[in-house]
Amino acid sequence: MRITNQMMINSSMANIQVNKKQVNTLDTQLSTQKKINKPSEDPIIAIRALRLRASLNEVTQYLKKNIPDAQQWLSTTQGALTQGESVINKLYEYCNQGSSDSYASEQRNTIAESLKALKKTFYDEGNVDYAGRYVFTGYKTNSTLTFQADSKETYNISEYLSADKIEEYNYSYGNVKTPTAADVAAKTAPGTPENTTLHRLRLSYDNITDITGGKISYSYTDTATGQMTTKELNVTTVTTSDLEASSYAIADNDIVFNKDTGEFLMGKTLASNLKSFGATVSVNYDKTGFSKGELRPENYFDCTNNTDAANPIQYTNFENGKRVRQDIEYTIASNQTLVVNTQASTVFNSDIARDLDNLTSIVQSAIDAHSVVDNIKEMKGLSQYSSKDDQEYLESCLAAAQKQADYADHQLQTVFNRGLTKFEGYMSDVNLAITDVGSKGQQLDITKNRMSNQQQTVEALKSDNEDKDLSDIIIDYTSSYTAYQASLQAAGMLNQTTLLN
């Protein structure tokens with residue numbers, strides 16, 4: 001084959017171009033320290049880079065966003081639960097002392113105020129939020145746990161009550177009041193304090209408007225057939241005044257509802273039957289008006305807000321008698337989620353509020369009863385009541401007032417004694433919730449460490465795939481540049497000699 005000069009020149013120019021392209025490529029690598037700068041240079045590296053970058057972005061999202069958010073949510077929850085635990089512990093201490101010792105008069109006033117403050121503190125913890133989202137209200141993260149001001153809203157509420165919460169309770173009536181000067185002059189008969197024991201089952205609210213249809217139902221599993229049985233009970237709605245007027249007379253198989261206190265009062269036979277059945281009592285009722293600090297029904301019960309009759313708002317918290325879980329989940333790793341929220345019903349339940357209100361009421365009753373005793377004693381020492389008739393009358397009033405005070409002291413000690421068991425149970429619930437949050441935190445820490453290791457691994461793989469060592473680039477660049485210069489010199493010498501020469 002004949003090789004012409006032009007062929008040699010063309011071959012030299014092509015080689016120079018190849019060397020020049022190589023130098024340019026290495027020059028770019030020297031600037032970027034990357035193996036490629038566009039997919040066409042090496043499609044395999046490009047495809048692998050896309051996959052590794054997507055994986056790294058995913059891991060970084062978990063590590064830098066999702067996991068820290070979940071940790072903050074759990075930290076907020078744990079802080080609130082810890083504060084709640086301290087409140088329950090303080091209440092338990094009050095009950096422990098009150099169950100074995102009668103508080104002095106000056107102590108009762110302090111306790112009454114302390115109980116109100118502790119209730120507010122406890123449920124304020126249930127209103128904590130993280131980044132504007134309330135952590136204990138399930139999916140309703142934009143809604144507080146309690147009413148933040150007195151409200152005139154109207155709700156229709158369906159509540160399920162377990163028969164094992166039926167308890168004996170002492171009711172006093174025929175209250176004695178401090179006699180006035182007119183009472184002394186007329187010798188008005190003082191009240192006759194009496195005490196009776198009934199069985200009660202409380203709703204979560206007092207001051208109820210009405211029980212729907214004047215009936216409640218109860219369900220239980222028939223041990224003979226194994227079938228679920230549901231029956232209805234007719235309920236008479238009364239007020240506290242009605243009960244006092246009837247001396248709290250309730251037959252063994254009867255049941256009445258005190259709408260003032262939100263209590264079902266029943267005879268011992270009916271109470272015994274319901275408890276032996278292990279029944280669940282279903283109640284549907286209306287309530288209009290809520291005080292500041294009361295629990296919002298939509299966080300606990302199936303209910304309908306009928307404040308705007310034309311646009312009722314319905315809330316569902318139960319299905320087939322079981323509470324619906326409203327889990328807020330964070331994706332903390334590939335195919336791994338973590339439930340971060342704790343629902344208020346497990347910790348900040350309505351029973352605690354009712355028990356605290358009951359304790360406060362009993363303490364106040366004791367304060368009022370002893371105040372009447374002190375007032376009558378003071379009246380006995382006044383000169384205007386020094387006559388024998390007045391003194392005998394005041395003595396009869398004092399005896400009645402002292403009997404009332406004794407009832408109040410006994411009831412106060414009884415309620416404090418029962419509070420030991422109740423608040424111990426509430427403490428257990430809070431501790432269980434704290435433990436659950438703690439275990440989630442540990443799980444999150446383990447996942448965080450794993451994600452951190454995975455991030456380092458993916459970053460290393462990404463670097464191996466995309467990056468080029470600077471020293472290697474310099475060596476390659478020097479070699480390629482030397483070859484490029486050599487090709488230029490060879491071409492120059494080739495062009496100096498022609499066939500004519």
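It should be emphasised that the depicted structure is a prediction, and the values quoted were computed from it without experimental measurement. (Residues numbered from 1 in each chain as written. Predicted model: local features only at pLDDT ≥ 70, side-chain atom pairs only at ≥ 80, totals over all residues. Heavy atoms only, no water.)

### Considering the layout of surface pockets
Right, on to step 1. Considered as a void within the structure, the second largest pocket measures approximately 610 Å³ in volume.
Right, on to step 2. Taken together, 25 residues make up the lining of the second largest pocket; nearest its centre are Leu-161, Lys-165, Asn-349, Ser-350 and Asp-351.
Right, on to step 3. By residue class, the composition of the lining of the second largest pocket is nine nonpolar, six polar and 10 charged. (1 Å grid on protein atoms, 1.4 Å probe; cavity = no way out; pocket = protein on both sides within 12 Å on 5 of 7 lines; lining within 4 Å. Points joined across faces, edges and corners; volume = space filled by probe spheres on them. Nonpolar A, V, L, I, M, F, W, Y, C, P; charged D, E, K, R; others polar.)

### So, the side chain of Ser-151
Right, on to step 1. Here Ser-151 lies in strand β3 (residues 151–162).
Right, on to step 2. By relative accessible area, Ser-151 is classed as buried at 13%.
Right, on to step 3. At 3.1 Å, the side chain of Ser-151 and the backbone nitrogen of Glu-153 are in polar contact.
Right, on to step 4. Leave out the neighbours within four places in its chain, and Ser-151 touches Gly-289 and Phe-290. (Helix = DSSP H or I, 4+ residues; strand = E, 2+ residues; numbered from the N terminus. Buried < 20%, exposed > 50% of the residue type's maximum accessible area, 1.4 Å probe, protein only. Polar contact = N/O pair within 3.5 Å; in protein donor to acceptor, adjacent residues only side chain to side chain. Contact = heavy atoms within 4.5 Å.)

### Structural notes on the sheet that holds strand β4 (residues 167–173)
Right, on to step 1. Strands sit in the order β4-β5-β11-β10-β9 across an open sheet of five strands; the sheet is mixed. Each edge of the open sheet is held by one strand with a lone partner, namely β4 and β9 (236–238). Each strand of the sheet is rotated relative to its neighbour by a mean of 40°, with strand direction disregarded.
Right, on to step 2. Contacts from helix α6 (residues 268–277) reach β5 (194–202), β10 (255–258) and β11 (263–266), with the element oriented near 110° to β11. (Pairing = 2+ DSSP bridges. Axes fitted to C-alpha atoms, helices over the stretch in contact; angles between N-to-C directions.)

### Side note on helix α2 (residues 43–100)
Right, on to step 1. Here α2 contains 58 residues, and its C-alpha end-to-end distance of 83 Å stays within 8% of the 86 Å for a straight helix at 1.5 Å per residue.
Right, on to step 2. By the largest-angle criterion, Tyr-62 marks the main kink of α2, which is about 35°. (Expected span 1.5 Å × (residues − 1). Bend = angle between axes of the 7 residues up to and from the residue.)

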